[in-house]
Amino acid sequence: MSSPVMSSSVSRERLGLLLGLIGVAIFGGTLPATRIAVSEIDPIALTSLRTAIAGLCSLALLLVLRRPLPPRALWFQLVITMLCVSILFPLLMSLGMQRVDASHGGVVLGILPIATALVAVAITHERPRPLFWITSVGGAALVVAFALRQGGGTLSAGDLLLFAAVAVAAIGYAFSGRLTSQMPGWEVISWVLVIALPVSIPAAALSMPADISHIALKPWLGLLYVAIFSQWIGFFAWNAGMAMGGIARVSQIQLLQPFITFVLAAFLNGETITPQIVLFASAVVATVAISTRTRGRAAPINTVIPGTARSLSSGRALRGPVGAAPE
């Protein structure tokens, strides 16, 4: 007969897995929603509006809960995360979604967890096992091969934009993962979005279409989805899930994200999901799963990220969102 403590632990873990699945489902809808939104909304306007709406929601929440300003030592990391996660990544992704299908983007962005892990390795001076490097290179090669095959032997502009999106997102998520060792995950993303407000609000005002009456309902719904869910609420469920269910177990749920994107792309965007797309996605997911399990421990040295006074004597802080790279 199980003890109340054990039952409570199991229930907490199950709730964490459920929250993680909700977070992944939310992030899985990012590319299809973005694809719908950019059909009638300029990518710059979409990025600005998305970040501004999420930032105003974050500001309201932080004021209601009377959260203090983050320590000055963390502001460098917050600014880096803001530039990468709130501005450059959504902009590059939106530009890419003007040129390729959401299902195509789902395969390319499937490599994001590996890219984020590589940045984390560089920051923490980890010494991964050789298999980590082999699977990382293999995953990247699979994505490039997929893009070349889809593009008739050449990389399209959409692919290049998505590769750039992966690079900046990896940097942003690595720094975000470092920050979650200092404050709750929901607070990290909220402060990141608030810090972006001096940029996002003027940009939204300048890039807003002069005549919004011609924009149909679906693009507006796509905008609201990526602003409120993809950019903000999704992180709440995801970070809470990892905290309750354990980073190692919950982060594995993200392997389902490309396939959730495929289902939503077929349903919302009317895209045809070919066996080739599923095959490449499955292979990329396999490399992500292997690389996640073969990361080594951090080197036992003191490494300080500029702008913080806290030592990175282990990679533990980066094993949360670093293993998970939501959109």
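Predicted model only: the values in this text are computed from it and were never measured. Along each chain, the written sequence defines residue order, and numbers are assigned to residues from 1. Reporting in this predicted model follows two pLDDT cut-offs: at least 70 for local features of residues, and 80 or more for side-chain atom pairs to be given and counted; totals over whole chains, interfaces and linings ignore these cut-offs and use all residues. Only hydrogens and water are set aside when side-chain values are computed; all heavy atoms of the structure are taken into account.

**Some thoughts on the overall build of the chain**
Looking only at helices and strands, one finds 13 helices and 0 strands in the chain. Taken from N to C terminus, the helices and strands of the chain fall in the order α-α-α-α-α-α-α-α-α-α-α-α-α. Taken across its 327 residues, the chain has 52% of its residues classed as buried. Excluding contacts between residues fewer than 6 apart, the proportion of contacts in the chain whose partners are at least 24 apart in sequence is 86%. A total accessible area of about 14,200 Å² is found for the chain, and carbon and sulfur atoms account for 70% of it. A run of H or I in DSSP becomes a helix once it reaches four residues, and a run of E becomes a strand once it reaches two; helices and strands are each numbered from the N terminus. The buried label goes to any residue with under 20% of its type's maximum accessible area, the exposed label to any with over 50%, and the partly exposed label to all in between, with areas taken from a 1.4 Å probe on protein chains only. Here, residues are in contact when the closest pair of their heavy atoms is within 4.5 Å. Every accessible area reported is derived by Shrake-Rupley at a probe size of 1.4 Å, with residue values counting cover from the shown protein chains alone.

**Describing the environment of glutamine 276**
Note that glutamine 276 resides in helix H13 (residues 275-293). Exposure remark for glutamine 276: the relative accessible area of 22% places this residue in the partly exposed category. A sequence separation of 130 residues divides glutamine 276 from phenylalanine 146, and the C-alpha atoms of the two residues are 8.8 Å apart. Ignoring anything within four residues of it in the chain, the contact list for glutamine 276 reads Phe146, Arg149 and Gln150. For the purposes of these results, a polar contact is taken to be a pair of N or O atoms within 3.5 Å, where, inside protein, one atom must be able to donate a hydrogen and its partner to accept one; residues adjacent in sequence count only when each atom of the pair is a side-chain atom. Within polar-contact distance, the side chain of glutamine 276 engages the side chain of glutamine 150 at 2.4 Å.

**Let's talk about the packing of helix H9 (residues 185-207) against helix H10 (residues 217-245)**
Contact geometry for H9 and H10: axes closest at 8 Å, N-to-C directions at 160°. With respect to H10, the element H9 is oriented roughly antiparallel. Crossing handedness for the pair H9 and H10: right-handed. Counting all contacts with H9, which are made through Gly185, Trp186, Ile189, Ser190 and Leu193, the residues of H10 involved are Gln231, Trp232, Phe235, Phe236 and Asn239. Class assignment for the residues of the contact of H9 with H10 results in 6 nonpolar, 4 polar and no charged. Only the stretch in contact is used when fitting a helix axis, every axis being a line fitted to C-alpha atoms; angles between N-to-C directions are given from 0 to 180 degrees. When describing relative orientation, an angle under 35 degrees is termed roughly parallel and one over 145 degrees roughly antiparallel, while 65 to 115 degrees is termed roughly perpendicular and anything else oblique. By the definition used in this description, the sense in which the near helix is turned from the far one sets the handedness, with an anticlockwise turn below a right angle giving left-handed and a clockwise turn giving right-handed. Under the scheme applied, nonpolar residues are Ala, Val, Leu, Ile, Met, Phe, Trp, Tyr, Cys and Pro; charged residues are Asp, Glu, Lys and Arg; polar residues are all the others, including Gly.

**Here's the deal with helix H2 (residues 30-37)**
Counting buried residues in H2 gives 7 out of 8 residues, a clear majority hidden from the surface. Taken residue by residue, H2 has Thr30, Leu31, Pro32, Ala33, Thr34, Ile36 and Ala37 as its buried positions.

**Examining the nonpolar core**
In globular proteins that are soluble, nonpolar side chains generally tend to be buried together. If you look at the biggest cluster of nonpolar residues, it comprises 56 residues, and the most contacted ones within it are Leu46, Phe89, Met97 and Tyr173. Broken down by element, this core gets its largest block of residues, 10 residues, from helix H8 (residues 157-179). With near-sequence residues (within four places) excluded, methionine 97 lies in contact with Leu31, Thr34, Arg35, Val38, Ala102, Gly105 and Leu162. The term nonpolar core refers to a set of buried residues drawn from Ala, Val, Leu, Ile, Met, Phe, Trp, Tyr and Cys, joined through side-chain atoms within 4.5 Å. Judged by nonpolar contacts, the second largest core, of 13 residues, contains Val188, Trp191, Val194 and Leu197.

**Quick word on the packing of aromatic side chains**
A pair of aromatic rings is counted whenever rings of Phe, Tyr or Trp (Trp by its six-membered ring) have centres within 6.5 Å, and the orientation is called stacked for planes under 30 degrees apart, edge-to-face for over 60 and tilted otherwise. Taken as a whole and assessed by the stated rule, the structure comprises 8 aromatic pairs. Plain terms: the ring middles of phenylalanine 259 and phenylalanine 262 are 5.8 Å apart, the flat faces sit at 90° to each other, and that makes the pair edge-to-face. With phenylalanine 259 and phenylalanine 262 both in helix H12 (residues 257-268) and 3 residues apart, the pair spans about one turn of that helix. Three or more aromatic residues joined by ring pairs make a cluster, and in this case those are Trp186, Trp232 and Phe236.

**Description of the pattern of salt bridges**
Salt bridges are counted wherever a side-chain nitrogen of Lys or Arg sits within 4 Å of a carboxyl oxygen of Asp or Glu. Taken as a whole and judged by the stated rule, the model has 2 salt bridges. Note that aspartate 101 is salt-bridged to arginine 35, the shortest N-O span being 3.2 Å. With aspartate 101 in the loop between helix H4 (75-97) and helix H5 (102-108) and arginine 35 in helix H2, this pair connects stretches of sequence that are 66 residues apart. Among the residues examined, aspartate 101 registers a relative accessible area of 35% and is labelled partly exposed. Under the relative-accessibility criterion, arginine 35 is labelled partly exposed at 24%.

**Concerning the packing of H2 against H10**
In contact at an axis separation of 7 Å, H2 and H10 are set at 140° when each is read in the N-to-C sense. The interaxial crossing formed by H2 with H10 has left-handed handedness. Where H2 approaches H10, its residues Thr30, Ala33, Thr34, Ile36 and Ala37 are matched on the opposing element by Lys218, Pro219, Gly222, Leu223, Tyr225, Val226 and Ser230. Class assignment for the residues of the contact of H2 with H10 results in 7 nonpolar, 4 polar and 1 charged.

Taken by themselves, the reported measurements are silent on function.
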